Amino acid sequence: MLARVQLPPAAKRGEVIEVRITIQHPMETGFRYELGGKPIPKNVINRLVARYNGAEIFSAEMGSGIAANPYLSFFTVADASGEFLFEWVDDEGNRGEEHATLTVVA
Amino acid sequence: MMATRARRRFISALAGLAAAPLLPGRQARGQEADVFASLMRQVTGGAGVAPGRVKVDTPRLADNGHSVPLSVRVDSPMTPADHVRSITLLSERNPRPVMATFYLGPKSGRAQVTTRVRLNGSQRVRAVAQLSDGSWWSGDAEVEVTESACLDAS
């Protein structure tokens, strides 16, 4: 699963920064049918967790009410340089992850 | 005598007709209120929810319901003593009305989350937030959706 994380290139210590992620995923609702009339099973990314230097800073439980290629934006306090790790799982059990690094200047 | 009675019947039938179109509307309104009330009970586990402190931002008019930008902001200092724990997005008309729940903490710095939602037609959406003191707050936005998300066979 392709994903894109956007962070500011650098932040001051203590600054509140915006973290954005988009994941390529159909977020299949389970209400649609194939051309032959066979229902397409529901398959959405149901859980996503964001960690910053190992500590959980944000998580989401999602359903079919979230649009395809889910986009999330949230905020966090930049307290140290380091790594953001995003992990998610969909209804079929497919897992995905994406990293991003942030540089914090004093 | 007969003519008068017939006229009275006719007039009362007319009055009934005039009142009829109002009734489904009023019933629908009542049902919608119940939708949120029962959903919120489900989310909060029966705790009371006060309106306020939560602001939901969406475009007033969405061309289609497949992807509607939605931003929630909760008025909170986001300190360890006083912060937002969770935000749940509820839809009035979606077949699965609980759209998402987001979990925040004091390290969030700002209680604001933005995403894109699917909406099955014009409706109110509600965000319900739980603060660190256990209190629940809510805010609404009204979205006019020209073409609803295709939730049926299409």
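All figures in this text were calculated on a predicted structure; none of them were measured in a lab.

Considering the confidence of the model for chain B
Residue and element names in this part refer to chain B.
For step 1, the next point in the chain: Looking at chain B as a whole, the pLDDT averages 86, with 77% of positions reaching at least 70.
For step 2, the next point in the chain: Confidence drops under pLDDT 50 across residues 21–27; counting only partners more than four residues distant or on other chains, this segment forms zero contacts.
For step 3, the next point in the chain: Here the prediction assigns the complex a pTM of 0.85, and the interface score ipTM is 0.96.

Side note on the environment of A:Glu18
All names here are of chain A.
For step 1, the next point in the chain: For Glu 18, the position within the fold is in strand E3 (residues 15–23).
For step 2, the next point in the chain: Among the residues examined, Glu 18 registers 15 C-beta atoms within 10 Å and is labelled partly exposed.
For step 3, the next point in the chain: Note: C-alpha distance between Glu 18 and Leu 85 (67 residues apart in sequence) is 15 Å.
For step 4, the next point in the chain: Beyond its immediate chain neighbours, meaning those up to four positions away, Glu 18 contacts Ser 73 and Phe 75.

Quick look at the interface of chain A and chain B
For step 1, the next point in the chain: Contacts between the two partners involve 24 residues from chain A and, on the opposite side, 29 residues from chain B.
For step 2, the next point in the chain: Of all the secondary structure elements, the ones that give two or more residues to the side of chain A that touches chain B are strand E5 (55–62) and strand E6 (71–78) of chain A.
For step 3, the next point in the chain: Take the side of chain A that touches chain B: its biggest share by element is seven residues, from E6(A).
For step 4, the next point in the chain: A per-class count over the side of chain A that touches chain B returns 15 nonpolar, seven polar and two charged.
For step 5, the next point in the chain: Alignment of E6(A) against strand E7 (residues 112–117) of chain B, held across two bridges, turns out to be antiparallel. Paired with A:Leu72 across the strands is B:Thr115, a residue of E7(B).

Topic: the nonpolar core
For step 1, the next point in the chain: Counting 57 residues, the largest nonpolar core has A:Ile66, B:Ile87, B:Leu89, B:Val117, B:Ala127, B:Val128 and B:Ala129 as its most contacted members.
For step 2, the next point in the chain: When residues no more than four places from it in sequence are discounted, the contact partners of A:Ile66 are A:Met27, A:Val44, B:Met99, B:Ala100, B:Thr115, B:Val117 and B:Arg118.

Structural notes on the environment of B:Met40
Residues and elements named next belong to chain B.
For step 1, the next point in the chain: Along the chain, Met 40 falls in helix H2 (residues 22–44).
For step 2, the next point in the chain: Residue classification places Met 40 among the buried residues on the basis of 20 C-beta atoms within 10 Å.
For step 3, the next point in the chain: Taking the C-alpha atoms as reference points, Met 40 and Val 117, separated by 77 residues in sequence, lie 19 Å from one another.
For step 4, the next point in the chain: The residues touching Met 40, leaving out its near neighbours within four places in the chain, are Val 49 and Val 128.

What counts, and at which threshold
- Residues numbered from 1 in each chain as written.
- Chains lettered and ligands numbered in written order.
- Predicted model: local features only at pLDDT ≥ 70, side-chain atom pairs only at ≥ 80, totals over all residues.
- pLDDT = per-residue confidence, 0-100.
- Contact = placed C-beta atoms within 7 Å.
- Helix = DSSP H or I, 4+ residues; strand = E, 2+ residues; numbered from the N terminus.
- Buried ≥ 20, exposed ≤ 12 C-beta atoms within 10 Å, placed from the backbone.
- Nonpolar A, V, L, I, M, F, W, Y, C, P; charged D, E, K, R; others polar.
- Pairing = 2+ DSSP bridges.
- Core = buried A, V, L, I, M, F, W, Y, C linked by C-beta atoms within 7 Å.

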